[in-house]
Amino acid sequence: MSRPTPRRTGSGLLVLHALRCGGHAGLTRVAAATGMDESDVESELIDLAVAGLVTHLAAGFDVWGLTDAGRVADAEWITDELEAGGARPAVTAAYERFLVLNPELLDLCTAWQLRPIDGVMTVNDHSDPSYDTRVLGRFAALDQRAAVVCAELAAALPRFGRYRTRLAEALDRANSGELEYVADHVAASYHTVWAQLHEDLLATLGIPR
Amino acid sequence: MRWIRPLSARVREPAEVLGAKAHGLVALHRLGLPVPAGFVVTVEACRAFMREGRLPAGLAEELAIAMTGLEAATGRRFGGAQAPLAVSVRSGASVSMPGMMNTVLNLGLTTEASAGLATETGDARFVLNSRLRFLSSFASAITNTDVLGVAAGPGGAHGRGTGDGDAQLIEAIEKLVRQRGGRPIPDDAARQLELAVETVFSSWDAPRARTYRELHDIPHDLGTAVIVQAMVFGNRDDRSGTGVAFSRDPNTGENVPFGDVLFGHQGEDVVSGRSRTLPLHELAAREPAVWTALIEALRRVEGHYRDACYVEFTFQAGGLWLLQVRPGRFVGGAAVRVATELADERLITRREALLRVSPHHLRHVRTPRIAAPAKADIVARGVGACPGVAVGKVATTTEAAVRMAADGPVILVRPETSPHDMRGLAAATGIVTGRGGSASHAAVVARAMGKPAVVGVTGLVVDVAAASWGADGRTVSEGTLVTIDGTSGEVALGSPPVSTDAADAHLRRLLAWADDVSGDHSEREEAQRLSAAHATLRHH
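Bear in mind the structure is a predicted one, so any value in this text is a computation, not a measurement.

About the thresholds
- Residues numbered from 1 in each chain as written.
- Chains lettered and ligands numbered in written order.
- Predicted model: local features only at pLDDT ≥ 70, side-chain atom pairs only at ≥ 80, totals over all residues.
- Heavy atoms only, no water.
- Helix = DSSP H or I, 4+ residues; strand = E, 2+ residues; numbered from the N terminus.
- Rg over C-alpha atoms; globule rule 2.2 N^0.38 Å.
- Buried < 20%, exposed > 50% of the residue type's maximum accessible area, 1.4 Å probe, protein only.
- Contact = heavy atoms within 4.5 Å.
- Areas by Shrake-Rupley, 256 points an atom, 1.4 Å probe, with all protein chains shown as cover.
- Lys, Arg positive; Asp, Glu negative; His and termini not counted.
- Charge placed at Lys NZ, Arg CZ, Asp CG, Glu CD.
- Expected span 1.5 Å × (residues − 1).
- pLDDT = per-residue confidence, 0-100.
- Buried area = accessible area lost by both parts, 1.4 Å probe.
- Salt bridge = Lys/Arg side-chain N within 4 Å of Asp/Glu carboxyl O.
- Polar contact = N/O pair within 3.5 Å; in protein donor to acceptor, adjacent residues only side chain to side chain.
- Nonpolar A, V, L, I, M, F, W, Y, C, P; charged D, E, K, R; others polar.
- Domains from an automatic or database assignment.
- Disulfide = S-S within 2.5 Å.
- Phe/Tyr/Trp six-rings, centres within 6.5 Å; stacked < 30°, edge-to-face > 60°.
- Lys NZ or Arg CZ within 6 Å of the ring centre and 35° of its normal.
- Axes fitted to C-alpha atoms, helices over the stretch in contact; angles between N-to-C directions.
- Parallel < 35°, antiparallel > 145°, perpendicular 65-115°, else oblique.
- Left-handed = near helix turned anticlockwise from the far one by under 90°.
- UniProt positions renumbered as here; feature names shortened; annotations may be inferred.
- Pairing = 2+ DSSP bridges.

1. Overview of the overall build of chain B
Item 1. Across its full length, chain B holds 21 helices and 25 strands.
Item 2. Here chain B has a C-alpha radius of gyration of 24 Å; the compact-globule value for 540 residues is 24 Å, and the two agree.
Item 3. The principal-axis extents of the C-alpha atoms in chain B amount to approximately 70 × 65 × 45 Å.
Item 4. In chain B, which comprises 540 residues, the proportion classed as buried is 55%.
Item 5. Long-range contacts, defined as pairs at least 24 residues apart, comprise 64% of the intrachain contacts of chain B with a sequence gap of at least 6.
Item 6. Per element, the accessible surface of chain B, about 21600 Å² overall, is 51% carbon and sulfur.
Item 7. Computed over 58 positive and 58 negative side-chain charges, the separation of the two mean positions in chain B equals 2 Å.

Here is the structure:
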């Protein structure tokens, strides 16, 4: 009995596209990105691997990544999804609004990491809660505007709704003291999720970097 | 006039009224240095605009009068079909908010004026390039996006060399402005000017600018001035160009001019990092008269500010013009060296030298640096995004970085980074990217990981197929050993000497002066010695 071919829509596409936008990842991270159960993610990944679209890196990594064929398939599937729903104009418009917010998000991440003291950019050691609170307050203000863009995107293509959830989660965790959820590379931090959203918009619209 | 002041040596008002940029231009006038003719709309007008939601009564009339004066000073006609006058419109608050507000170049190049300028110069390509600059900078300001980037796609610098694409780009930008449903760009010069002033005022309250002020404790009600000056064209011909210069090296504090120059381009290209710049000293060989004038100007502004300085300049057909000046704001070891040497030169007193250096600077004095960049083989230069030195073999892809990291340290070199590069960034010891500045994705991640990083290397080309990268016409293969300095933004071949005490001799002398002031010669930490001197000086 042969395995079913991976689905070009639904969860097959979600899992493939999560690797396209987030780079190599293990089950937990793909599950977080897609909102699926780890077991469902694993099942889809195995189907995708049999089809030659993803590959599993063992040797101390235990992560999955796209193959060249997977990258090509993703571009095709994601374009089909975009055009089938007639979503291109709405996603393009939302992307342009995202681009207005993007420099401000990067400013905020920089302010989180470095603060000027006597004109010297100094590593923010997070010993001054009032400074951190001020920066997080600006994150919250930006997040409100980002929520509008995410809502427009989700209305055009429902899978974008996941970013709203993940950004809100990151900000909640940061506000409750888990500071690595702002701009660190390890966690599903605000910056990490934002960068994946940026990559997703570029991939979805077929815009080269 | 109520809202407008001329840019001249006679103006006495402070930066709080004129904005810091215009205040600096007035200082340049007093020093007898060449500044394009112009005027400034004061921050008072901006505050009135913020209160009333429109340009204050009387400003349109004052703008018309001031333009008549500018026409008389330049012998040209604003929006005219013959000898048309084009102007730059720039923001300039009393406090520094770099990159937060708008600039419009070549304003007044209406369809008719462009035709007139083409007839006058006999250089249709120059005029087309200038009109493209006008439309893209104006459209970007109105729509609050990087219009040229959207219309042209990634990469792409727009100097004299790219004339063929300019007409298509102009069409694309005009289409984009129509699509956005914003106001079309008027083809009337006076109306363009009013709209540009209004747009610069509005940009004071853009969300990003508000965020910047919140983070830097800058009051929201300050407002910005607007500077209007006759254009000088860095894209006029092969003997024209633009650049930025420090009177001393901002990385080391050494008393040698330092900066970038770009031939055949207008000013924004240097700052935006869209184009490949050359080291400042290239100017000495190609335009010796401009070089000599610039060196003399740097000497005079240092004397005036009694500090290392930064200037932005343009040269048109072999003539130098200064567009901005400010103190250099050096940090770390460079601040220590400049303060000490300025005291030696008797430009400042030893007490002033001590107060010029913050105890916080001393923490950065010992950051590892490439010891003698002048002797190292520098293959590329960008912006230092995370201080420190990293030495390793070049990898041009994330896959290569992960693979090679098993055998020793790796420097990951990428055009820019995306989430796909996270494994490579994690595996690498240091990071180099082509696009993006000190707030780019790569810079944010590098700092989160505490890894030295150089970003925004202009002209960086990564050839993944050939497993090599290059900048400035040189090629470096994967596996080559390089050293990067995340403070200065230098990338050197091999492993040149690294030092943590580049400013040691200067620091020892400065701290000896500190002990003399405080009267305390006991063994203490360096920052404590300086703080004690500051405390004494502030009591007297």
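Having seen the structure, we can now continue with the description.
2. Comments concerning helix H14 (residues 332-344) of chain B
Residue and element names in this part refer to chain B.
Item 1. The terminal C-alpha atoms of H14, which comprises 13 residues, lie 19 Å apart, in line with the 18 Å expected from a rise of 1.5 Å per residue.
Item 2. Counting buried residues along H14, eleven of its 13 residues qualify, which places the element largely inside the surrounding structure.
Item 3. Residues Gly332, Gly333, Ala334, Ala335, Val336, Val338, Ala339, Thr340, Glu341, Leu342 and Ala343 constitute the buried set of H14.
Item 4. Elements that come into contact with the buried residues of H14 comprise helix H15 (350-356), helix H16 (359-365) and helix H20 (504-518).

3. Focus: the confidence of the model for chain B
Item 1. Mean pLDDT for chain B: 90, with 95% of residues reaching 70 or above.
Item 2. Note that pLDDT drops below 50 for residues 154-162 of chain B; the model gives that stretch 26 contacts with residues more than four away or on any other chain.

4. Structural notes on the interface of chain A and chain B
Item 1. Across the boundary between the two partners, chain A contributes 42 residues, which contact 39 residues of chain B.
Item 2. Note on chain A versus chain B: buried area summed over both sides is about 3400 Å², and carbon and sulfur give 62% of it.
Item 3. Counting across the chain A and chain B interface gives three salt bridges.
Item 4. Across the salt bridge formed by B:Arg208 and A:Asp107, the nearest N and O atoms sit 2.6 Å from each other.
Item 5. The interface formed by chain A and chain B holds eleven residue pairs in polar contact (both at pLDDT 80 or more) in total.
Item 6. The set of elements that each furnish at least two residues to the side of chain A that touches chain B consists of helix H1 (10-22), helix H5 (88-113), strand S3 (114-117), strand S4 (120-123), helix H6 (129-156) and helix H9 (190-205) of chain A.
Item 7. Among the elements that make up the side of chain A that touches chain B, the one with the highest residue count is H5(A) (eleven residues).
Item 8. For the side of chain A that touches chain B, a count of residues per class yields 20 nonpolar, ten polar and twelve charged.

5. Concerning the domain arrangement of chain A
Residue and element names in this part refer to chain A.
Item 1. Domain boundaries in chain A define domain 1 (10-82) and domain 2 (87-205).
Item 2. Put simply, the middle of domain 1 and the middle of domain 2, counted by C-alpha atoms, are 24 Å apart.
Item 3. Contact with domain 1, which involves 14 residues of that partner, is made by 14 residues of domain 2.
Item 4. Each partner contributes to the roughly 1200 Å² buried at the junction of domain 1 and domain 2, and carbon and sulfur atoms together form 57% of this total.
Item 5. Considering only the surface of domain 1 that becomes buried against domain 2, Cys21, Glu81 and Leu82 emerge as the three largest contributors, covering 45% of it.
Item 6. Taken together, domain 1 and domain 2 are joined by two salt bridges.
Item 7. The shortest N-O distance in the salt bridge between arginine 20 and glutamate 199 comes to 3.0 Å.
Item 8. Run the count over domain 1 and domain 2 and you get six residue pairs in polar contact (both at pLDDT 80 or more).
Item 9. For the side of domain 1 that touches domain 2, the secondary structure elements donating two or more residues are H1, helix H2 (27-34) and helix H4 (68-84).
Item 10. Considering every element that reaches the side of domain 1 that touches domain 2, the biggest residue donor is H1, with five residues.
Item 11. Per-class residue counts for the side of domain 1 that touches domain 2 are six nonpolar, five polar and three charged.

6. Considering the state of the cysteines
Think of a disulfide as a covalent bridge from one cysteine sulfur atom to another cysteine sulfur atom.
All names here are of chain A.
Item 1. Under the counting rule described, the total for this entry stands at zero disulfides over all chains.
Item 2. As a non-bridged cysteine, cysteine 150 has cysteine 21 as the owner of its nearest cysteine sulfur, 13 Å distant.
Item 3. Its relative accessible area of 3% is what places cysteine 150 among the buried residues.

7. A word on the packing of aromatic side chains
Item 1. Taken as a whole, this structure holds eleven aromatic pairs over all chains when the rule is applied.
Item 2. A centroid spacing of 6.3 Å and a plane angle of 25° characterise the contact between B:Phe313 and B:Phe315, whose relative ring orientation is stacked.
Item 3. Look at B:Phe313 and you get buried, because its relative accessible area is 1%.
Item 4. Among the aromatic residues, ring-to-ring pairing joins A:Phe98, A:Phe139, A:Tyr190 and A:Trp194 into one connected group.
Item 5. Across from the ring centre of A:Phe160, 4.7 Å away, lies the NZ or CZ of A:Arg159, which sits over that ring.
Item 6. The residue whose ring lies beneath B:Arg286 is B:Phe263, and the NZ or CZ to ring-centre distance is 3.5 Å.

8. What to know about the packing of helix H4 (residues 59-74) of chain B against helix H9 (residues 189-203) of chain B
All names here are of chain B.
Item 1. Viewed as axis vectors pointing N to C, H4 and H9 meet at an angle of 120°, and their least axial separation amounts to 10 Å. Here H9 runs oblique to H4, going by the angle between their axes. At the point where H4 passes H9, the crossing takes the right-handed sense. Across the interface between the two elements, Leu59, Ala60, Leu63 and Met67 from H4 touch Leu193, Glu194, Val197 and Phe201 from H9.
Item 2. Taken together, the residues that form the contact of H4 with H9 break down as seven nonpolar, no polar and one charged.

9. Considering the UniProt feature "domain: PEP-utilising enzyme mobile" (unreviewed entry) in chain B
Item 1. Following the UniProt record, the feature "domain: PEP-utilising enzyme mobile" (unreviewed entry) maps to residues 409-489 of chain B here.
Item 2. Within residues 409-489 of chain B, the helical portion is 19% and the strand portion 35%, while the C-alpha atoms at the span's ends are 19 Å from each other.

10. Remarks on the sheet that holds strand S7 (residues 224-230) of chain B
All names here are of chain B.
Item 1. In space, the five strands of this open sheet follow the order S1-S2-S7-S5-S6, with antiparallel pairing throughout. Sheet topology places strand S1 (4-6) and strand S6 (103-107) at the edges, where each strand pairs with a single neighbour. Here the average twist between neighbouring strands, direction ignored, is 20°.
Item 2. Each of S1, strand S2 (38-41), strand S5 (87-93) and S7 is contacted by H4, which is oriented at about 165° to S2, the strand it contacts most.

11. As for the pairing of strand S22 (residues 474-477) of chain B
All names here are of chain B.
Item 1. Here four bridges tie strand S21 (residues 468-471) to S22, and the two strands are oriented antiparallel to one another. Across the sheet, the residue bridging to glycine 470 is threonine 475, located in S22.
Item 2. Taken together, S21 and the strand that follows it, S22, pair antiparallel across an intervening segment of two residues, in which aspartate 472 is found at a positive phi of about 55°.

12. Thoughts on the side chain of B:Thr433
Residues and elements named next belong to chain B.
Item 1. Assignment of secondary structure puts threonine 433 in strand S18 (residues 430-433).
Item 2. On the basis of relative accessible area, threonine 433 is assigned to the buried category, the value being 0%.
Item 3. Residues in contact with threonine 433, not counting those within four places in the same chain, are Arg414, Pro415, Glu416, Thr417, Ala442, Val454, Val455, Gly456, Val457 and Leu460.

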